[in-house]
Amino acid sequence: MTDTQRGSPTARAPRTELPLGRATREAYGDALLELGKANKDIVAIDADLAKSTFSWTFGKQFPERFFNIGIQEANMVGMATGLASSGKIPFISSFASFVLGKGFDQLRMGAAYPHLGIKVIGSHGGISLGEDGVSQQSVEDVALACALPGFIVCIPADEHAMKKAVHAAAAHRGPVYLRLGRPKAHVLYKPDVEFEFGRAIQLRDGKDVTIVANGLLVAQAVMAADVLADKGIEARVLDMHTVKPIDRDALEEASQITGAFVVAEEHLHYGGLGSAVALALAEGTPAPIEFVDLGDRYAESGKPEALMLKYAMTADAIVSAAERVVDRK
Amino acid sequence: MTAAVAITPSVESLQNTARTLRRHALRMIAEAKSGHPGGSLSSAEIVTALYFGGILRHDPANPEDPDRDRFILSKGHGVPILYAALAESGYFPVEELMTLRQVDSRLQGHPVLGTVPGIEASTGSLGQGLSIGIGHAVAGRLDGKQFHTFVVLGDGECQEGQVWEAAMAAPNFELDTLTAIVDSNRYQLDGAVEDIMSLAPIVDKFAAFGWNVLEIDGHDMGAVVAALSQARAHRGQPTCIIAHTVKGKGVTFMENDNEFHGKAPNKDQLEVALSQLAPVT
Ligand SMILES: Cc1ncc(C[n+]2csc(CCOP(=O)(O)OP(=O)(O)O)c2C)c(N)n1
Ligand SMILES: [Mg+2]
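Predicted model only: the values in this text are computed from it and were never measured. (Residues numbered from 1 in each chain as written. Chains lettered and ligands numbered in written order. Predicted model: local features only at pLDDT ≥ 70, side-chain atom pairs only at ≥ 80, totals over all residues.)

Before going further, it helps to spend a moment on the overall build of chain A. Summing up its helical and strand segments, chain A has 14 helices and 14 strands in all. Against the globule reference of 20 Å for 329 residues, chain A gives a C-alpha radius of gyration of 19 Å, in line with a compact fold. The C-alpha extent of chain A, read off along each of the three principal axes, is 60 × 40 × 35 Å. Evaluated residue by residue, chain A yields a buried proportion of 62% over its 329 residues. (Helix = DSSP H or I, 4+ residues; strand = E, 2+ residues; numbered from the N terminus. Rg over C-alpha atoms; globule rule 2.2 N^0.38 Å. Buried ≥ 20, exposed ≤ 12 C-beta atoms within 10 Å, placed from the backbone.)

Written out as structure tokens, the structure reads:
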């Protein structure tokens, strides 16, 4: 098969039926509401995107504990520092590009350095934000968040994992970054999925190659594994929802058994999941890796699916990468 | 050099141009099924006065002219109305407008420097345009140029701290070649500016920071043209025009309905809107 055939989106139907569920941002709102009912120290701030991030689900129920601070991301982070210092558990949300981009120094000084329990919620992560274009598409957020010492950095793949992640974030004492997605996400898990920061979820077993993915690309990885199985390549699939701290044990085991990796993420090439996996493997049992990501560039406006296709962050791209990396073994 | 007498079109003809731009903007957004009608419509008179009312000194055939005036749409989500003005001015074909927000289009969802001629800054992350305008104005002064820089901001956008850093800097630099226009349509994304984070008294704030402040009805074409020429002539300090506007102006069901901040009209809504925006003869 040629590469162009591989790139064709209609070449084959995925075997695994993964129903489309809700967007992870919707699940965020529901989980925050649950938390708010159980714990009066939960406080939420949003920066004029409350209806988009779904923090409003909490806000309309708990108006006295919800602050729409306006278009002031840096001020929002600073306020969260004060709230956390006074014993509150602030969840602060905006588009990922704005909360990390405009609040970075405040996060550094006010969350990371003092190791305060601020929960940073970056919605509309990646290029699947779509039509609004590059100014709103967050493709550096994982790199920025991972750069902050002590931060947990997590990108859940579906609504159920997201709900678990939000509860885990509240229970965790330190700072957490959660990336939410705009589009509906394929359902991968049951509501009672076992979820722990730093512990990858294995969705497929395989001995030839390991696909490590997070966010929307986990579903693509599962679809890719089915296609690879038809070609006689058995792929292990790891949902590496937590980029930091990364699950070294899962990577080590996968390296010893499969000896080859594809890392798939909706992020720039540098500083995201790919970098984290490469670091961990270099420190353990190194293996060849192929990367499915945005590269070192920005995308553009367009429908989410069209962009994922054009910028090659699809099941087909993962299949091609897996075949390449198996050849490199 | 012979004194060129700028033949400013009549207010009536400018009003028709504003209607044309509004129709373009809504068609583009409807075609893309995505975009920001409310804030595009509220800026229509401001953009029309700048591009067609003899205010902006620019030459679509020579978009890189170092002496050109600069226009920066800091509230980048309002870009459909700017693309419409650029296309009608001749910067690129009017047909291209319908490619807004599609893959491979030059017309990005927010303005991007270097995509189509006439776009002077990449915006869309709110709060940055006034600082960029200061940079242009200072560069013009360093080069001994006479060009003027106009920046349009949203009122919600004025909640960003950077806007006030820039508001402090421009009068300190005595930048009388810089004009800020606040499209004060009283709404932001999640609701009314007054309810979310009030800017009042915004006139006093800019004045206290050292700006020459003018307050106008941003849909009164004559007043908009007059304020912009006054701003351009004012010496010694930058001018800020607070333009009181109506979000969604010109389409009855969009006016002051913030649902249309960031929602495209459907086919039927578009037809009604276009009929309300028909040229007046
Ligand atoms: C830094 C930043 N934060 C949030 C957004 C999302 N956003 C887009 S438009 C908008 C509201 C803007 O309100 P305003 O400036 O009043 O514009 P207008 O009413 O003219 O549409 C927001 C919050 C953004 N584009 N940039
Ligand atoms: Mg406004």
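Moving on from the coordinates now.
Now for the sheet that holds strand β5 (residues 119-123) of chain A. All names here are of chain A. Read from one edge to the other, the open sheet built from 7 strands follows the order β3-β2-β4-β5-β7-β6-β12, with strand pairing classed as mixed. If you trace the sheet from one side to the other, it starts and ends with β3 (66-68) and β12 (242-244), each paired once. In this sheet, neighbouring strand axes are inclined to one another by 20 degrees on average, regardless of whether the strands run parallel or antiparallel. In terms of strand pairing, strand β2 (residues 42-46) meets β3 through 3 bridges, oriented parallel. If you follow Ile45 over to β3, its bridge partner there is Phe67. Sheet contacts for helix α2 (residues 24-38): β2, β4 (89-95) and β5; angle to β2, the most-contacted strand, approximately 145 degrees. (Pairing = 2+ DSSP bridges. Axes fitted to C-alpha atoms, helices over the stretch in contact; angles between N-to-C directions. Contact = placed C-beta atoms within 7 Å.)

Looking now at the site of ligand 1. Ligand 1 sits among 27 residues. The nearest are B:Gly39, B:Gly154, B:Gly156, B:Glu157 and B:Gln188. Around ligand 1 the close residues trace back to chains A and B. If you list the elements that add at least two residues to the shell around ligand 1, you get α6 (96-102) of chain A together with α2 (37-42) of chain B. Counting residues per element, the shell around ligand 1 draws most heavily on α2(B), at 3 residues. Looking at the shell around ligand 1 residue by residue, the classes come out as 6 nonpolar, 14 polar and 7 charged. (Near = placed C-beta within 6 Å. Nonpolar A, V, L, I, M, F, W, Y, C, P; charged D, E, K, R; others polar.)

A separate point is the nonpolar core. Residue and element names in this part refer to chain A. Counting residues in hydrophobic clusters, the biggest one holds 203 residues, and the most contacted among them are Ile211, Ala221, Ala224, Val262, Val277, Ile318 and Ala322. With 10 residues, the single largest contributor to this core is helix α10 (residues 217-230). Two domains each put at least three residues into this core: domain 1 (3-8 + 195-327) and domain 2 (21-186). Once residues lying within four places of it in the same chain are set aside, the contact partners of Val277 are Val212, Ile246, Leu251, Phe261, Val263 and Ile289. (Core = buried A, V, L, I, M, F, W, Y, C linked by C-beta atoms within 7 Å. Domains from an automatic or database assignment.)

Residues and elements named next belong to chain B. The strand order across the open sheet formed by 5 strands is β1-β2-β3-β5-β4, and the pairing between neighbours is parallel. Looking at strand neighbours, the two that pair on one side only are β1 (70-73) and β4 (212-217), the edges of this open sheet. Sheet twist, expressed as the mean angle between neighbouring strand axes with direction ignored, is 20 degrees. Each of β3 (178-184), β4 and β5 (239-244) touches helix α9 (residues 221-233); the most contacted strand, β4, lies at about 170 degrees to it.

With that out of the way, let us pick up the domain arrangement of chain A. Residues and elements named next belong to chain A. Assigned domains of chain A: these are domain 1 (3-8 + 195-327) and domain 2 (21-186). On a C-alpha basis, the centroid separation for the pair domain 1 and domain 2 is 25 Å. For the side of domain 1 that touches domain 2, the elements supplying multiple residues, two or more each, are α10, β12, α12 (273-283) and α13 (304-310). Residues of the side of domain 1 that touches domain 2, tallied by class, amount to 17 nonpolar, 9 polar and 5 charged.

The next subject is the interface of chain A and chain B. Listed per partner, the contact involves 26 residues of chain A and 27 residues of chain B. Of all the secondary-structure elements, those providing two or more residues to the side of chain A that touches chain B are α3 (50-53), α5 (73-85), α6 and α13 of chain A. Taken together, the residues of the side of chain A that touches chain B sort by class into 9 nonpolar, 11 polar and 6 charged.

With that settled, the discussion passes to unusual backbone geometry. The amide bond that connects A:Lys244 to the next residue, A:Pro245, takes the cis arrangement and shows omega of -5 degrees. Take A:Pro245: it is sitting in the loop between β12 and α11 (248-258). Omega for the bond connecting B:Ala200 with B:Pro201 falls within 30 degrees of zero, at -5 degrees, which places this linkage in the cis form. With respect to the helices and strands, the residue B:Pro201 is situated in the loop between α7 (193-196) and α8 (202-208). The backbone of B:Glu174 shows a phi angle near 50 degrees, a positive value even though the residue is not glycine. In this structure B:Glu174 comes out as partly exposed when scored by C-beta crowding, with 14 C-beta atoms within 10 Å.

Here we take up the pairing of strand β11 (residues 235-239) of chain A. All names here are of chain A. The buried fraction of β11 amounts to 5 of the 5 residues, a majority that puts the element mostly inside the structure. Residues Ala235, Val237 and Asp239 point to one face of β11 and Arg236 and Leu238 to the other, with burial holding for every one of them. Where strand β9 (residues 201-204) lies against β11, 3 bridges are found, and the strand directions are antiparallel. By the bridge assignment for β11, Gln202 is matched with Leu238. Sheet analysis places strand β10 (residues 209-213) next to β11, joined by 5 bridges and oriented parallel. Among the inter-strand pairings, Val209 is bridged to a residue of β11, identified as Ala235. Crossover handedness for the path β10 to α10 to β11: right-handed. (Right-handed = clockwise from strand over helix to strand, strands pointing away.)

With that settled, the discussion passes to the confidence of the model for chain A. In the predicted model, chain A carries a mean pLDDT of 95, and 95% of its residues have values of at least 70. The low-confidence segment residues 1-13 of chain A, where pLDDT is below 50, has 11 contacts with residues more than four positions distant or belonging to other chains. (pLDDT = per-residue confidence, 0-100.)

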